[in-house]
Amino acid sequence: MKKSNGLYKKNTSFALKIILPAFLVITIFMYYPIFNSITMAFQKIYFGKGEFDWIGLKNFINIFKDPYFFRSFSWTLIFGLISTVLLLIVGMYFALLLNREIPFKNFFRGILLIPWAIPWFVNAFLWLWLLDVQYGLINHILVILKILKEPINWIGGSDTAKIAVIMAYIYRVFPFNTLVYLASFQTIDKQLYEAAEIDGAGKLKQFFYVTLPQIKNIVIFTALLNFIWSFQEFETVWIITKGGPVGATSTLLVRLYDLGFQNRDFGAAAANGLLWVIFLFLFSIIYLRVLFFRGDIDN
Amino acid sequence: MRSFRARKKISYYAANILLIASIIFIMIPIYWMVVTSIKTNAEVFKFPPSIIPLEPVLDSYRDLFVPENRYFLFFRNSLIVSVSTTILTVILAILAGYGLSRFRFKAKPKLLIMFLVTQMFPFSLILLTLYLFYSKLHILNTHFSLIFTLTAVSLAFSIWMLKNYFDTIPKELEEAAYIDGSSRIGSLTRIILPIVGPGVIATGIFVFITSWNNFLFAYTLTTSAEVRTLPPGLTLSYMNFMKVTWNGLMAASFVSALPSVIIFIVLQKWFIQGLAAGSVKG
């Protein structure tokens, strides 16, 4: 073991050399834009002319006068929380159904992955069509089943639009959770179940007292990934509701996009974005804690 | 004892019925996409909707080939961008992942954190600067700028997946090769890469699908039809009118979904292996 440490320590400069290309790409295309938006947040930028004025804190002051900011801030968090919980439930439901001795197991698993493999914009188009007021399948089925008296305009009402966006998003993402949970089940020692069975524990008890504690870390980690990825959601919202009605489903990215590319006010967009970065920075401390805990980051 | 067994059997079949019913339920939207794509214009706007198409036609698929629709132009652009991004990202991620897995040095934890945190950057915020930056350099609306942007988007997660994968491979294996006189790069390409095959394929699939799917960057950084990929191309050409041609859009959607679905089905086994080893850690 000592010998190998020596061998690997000597090659620090080699290690840095092969990391450098990735480091440069991430610095130029991720860090430079974030730091550049700090200066943009204090400017009024005249779009397309390449000119700007320094306007001090005005962009930040405007945020607090803007009712849309709080609306989109709270909706982004609620969307993240609700979808993370639902993904855990739906993902686990299918993982448990598939984690048994059944014929055509691989076939079922393959089919279940299709919603994840279809492109996200395709999924959004599909749900837009399913949710159509007059000809949509969802209204049709709900009316036949007498759950609804008459077809509803899903995208027109703020609560129904939120439900619509969450449904479309969950549909696309849950297979990822199922896959990860299925893989994590393989790491559990079979003897634990045998012991539990001898003690007379039923399937439900086995799940809560054996399975869940054993894969606790993976469940937490996956939930964290789901939550973080929900912040990056754009096309589901943009294609289905465009953030409407009246900003009800406007998430962080949609709001920034509207400010920057619809209103053409890059300064205001940068200021809004920076408040988010501060919030996400605090949140990332939790994220990194979990990674340290998992041992992904070490020496 | 007998009743216990019988009960077990009943619950086994009940769970199977539940599974099949749930999978059918999950497949309804996909079925609806295919069924809509083979309906005639009149039948799409019929109430109540027909669950099985009355007179299935392939008109919507034929329309994809009409040059004015530019469907295959968008498709080709998507292929160019996604394949180039995948190759570039996988090469960069193999190098960085290997470096971060195999060597100890002071800055390593800081570098890993620096990479991982980019996952949380709001992409719309990054877009503002990139948009101005590219237009200053006159590379806005090119595949080149889109490829580099998308590489940066999926690079951090790819590095992290591959680093975890490299971690699972015993060092002794390549040490033997190293002592036998192969160079560092030599031992990486000849000894390690064949073993991490599933991890590399899983990463490649992840990058390809992420790039094929990307809407936000492709929508904003491309301004002419010649450069546009499928997501912005279809959004702008099929949804620009008051009335959406649903059968046309569903046919275009179905064909757009084929590459990633096929890749998935063919490489499923490797993907699951790679995901299991790379991202599932106890």
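Residue numbers restart at each chain and count upward from 1, following the sequence in its written direction. Written order decides the labels, with chains lettered from A and ligands numbered from 1. Where totals are concerned, whole chains, interfaces and linings use all residues; where local detail is concerned, this predicted model gives features only for residues with pLDDT of at least 70, and gives and counts side-chain atom pairs only at 80 or more.

A. Quick peek at the overall build of chain A. Where helices and strands are cited, they refer to DSSP runs of H or I of at least four residues and of E of at least two residues respectively, numbered from the N terminus. In terms of helices and strands, chain A carries 14 helices and two strands. Relative to its length of 299 residues, chain A is extended, with a C-alpha radius of gyration of 24 Å against a globular reference of 19 Å. Taken along the three principal axes of its C-alpha coordinates, chain A extends 75 × 75 × 30 Å. Counted over contacts in chain A with a minimum sequence separation of 6, partners at least 24 positions apart contribute 66%. With C-alpha atoms as the basis for the radius of gyration, the globule rule is written as 2.2 Å multiplied by the number of residues raised to the power 0.38. C-beta atoms are first placed from the backbone for all residues, and any pair lying within 7 Å is then listed as a contact.

B. A look at the overall build of chain B. The helix and strand tally for chain B stands at 13 helices and zero strands. Tracing chain B from N to C terminus, the helices and strands come up as α-α-α-α-α-α-α-α-α-α-α-α-α. Here the C-beta atoms are placed from the backbone, and a residue counts as buried if at least 20 other C-beta atoms lie within 10 Å of its own, exposed if 12 or fewer do, and partly exposed otherwise. Counting every position in chain B, which comprises 282 residues, the buried fraction comes to 46%. For chain B, the proportion of contacts with a sequence separation of at least 24, taken over those separated by at least 6, is 78%.

C. Local environment of helix α2 (residues 12–40) of chain A. For α2 of chain A, the principal kink sits at L20 of chain A and spans about 40 degrees; a proline, P21 of chain A, occurs within the next four residues. Residues A15, I18, I19, A22, V25, I26, F29, M30, P33, S37 and M40 of chain A constitute the buried set of α2 of chain A. Think of it this way: the bend at a residue is just the angle between two axes, each fitted to seven residues, one set ending at that residue and the other starting at it.

D. Up close: the interface of chain A and chain B. On the chain B side, the residues contacting the 83 residues of chain A number 85 residues. It is α2 of chain A that provides the largest number of residues to the side of chain A that touches chain B, a total of 17 residues. Here the residues of the side of chain A that touches chain B are counted per class, giving 60 nonpolar, 18 polar and five charged. Put simply, Ala, Val, Leu, Ile, Met, Phe, Trp, Tyr, Cys and Pro go in the nonpolar bin, Asp, Glu, Lys and Arg in the charged bin, and everything else, Gly too, in the polar bin.

E. Seen up close, the packing of helix α6 (residues 120–130) of chain A against helix α8 (residues 158–185) of chain A. All names here are of chain A. Simply put, an axis is a line fit to the C-alpha atoms, just over the touching stretch for a helix, and the angle between two N-to-C directions goes from 0 to 180 degrees. Following both chains from N to C, one finds α6 and α8 inclined at 135 degrees, their axes separated by 10 Å at the closest point. When the axes of α6 and α8 are compared, the pair comes out oblique. Here α6 runs over α8; the crossing is right-handed. Of the residues in α8, those in contact with W120, N123, A124 and W127 of α6 are A164, A168, Y171 and R172. The class makeup of the residues in the contact of α6 with α8 is six nonpolar, one polar and one charged. Under this scheme an angle from 65 to 115 degrees is roughly perpendicular, one under 35 degrees roughly parallel, and one over 145 degrees roughly antiparallel; angles in between are oblique. Here a crossing is called left-handed whenever its near helix is offset anticlockwise from the far helix by less than a right angle, and right-handed whenever the offset is clockwise.

F. Quick peek at the confidence of the model for chain A. Residue and element names in this part refer to chain A. One confidence number per residue, pLDDT, is output by the predictor and ranges from 0 to 100. When pLDDT is averaged across chain A, the result is 85; 94% of the residues are at 70 or more. Mean pLDDT values over the elements of chain A span from 47, in helix α1 (residues 2–9), up to 92, in helix α4 (residues 67–98). A low-confidence stretch, residues 1–6 stays under pLDDT 50, and its non-local contacts, those more than four residues away or across chains, total two contacts.

G. Spatial organisation of helix α7 (residues 143–167) of chain B. Residue and element names in this part refer to chain B. Expected span, for any helix, means 1.5 Å times one less than how many residues it has. An ideal rise of 1.5 Å per residue puts 36 Å on 25 residues; α7 measures up with 35 Å between its terminal C-alpha atoms. Bending of α7 peaks at approximately 40 degrees at the position of L155. Across the 25 residues of α7, 22 count as buried, placing the element largely inside the fold.

H. Structural view of the packing of helix α4 (residues 71–102) of chain B against α7 of chain B. The contact between α4 of chain B and α7 of chain B brings their axes to 6 Å, and the two run at 40 degrees. Regarding α4 of chain B and α7 of chain B, the two cross each other, and that crossing is right-handed.

I. Representation of the domain arrangement of chain B. Residue and element names in this part refer to chain B. Residue ranges labeled as domains rest on an automatic or database domain assignment. Each assigned domain of chain B is listed with its residue range as follows: domain 1 (2–60) and domain 2 (68–279). When each unit is reduced to the centre of its C-alpha atoms, the spacing between domain 1 and domain 2 is 33 Å. Taken together, the eight residues of domain 1 in the interface contact seven residues of domain 2. Breaking the side of domain 1 that touches domain 2 down by element, the ones donating at least two residues are α1 (2–37) and α2 (41–44). Counting residues per element, the side of domain 1 that touches domain 2 draws most heavily on α1, at four residues. Classifying every residue of the side of domain 1 that touches domain 2 by side-chain character gives three nonpolar, four polar and one charged.

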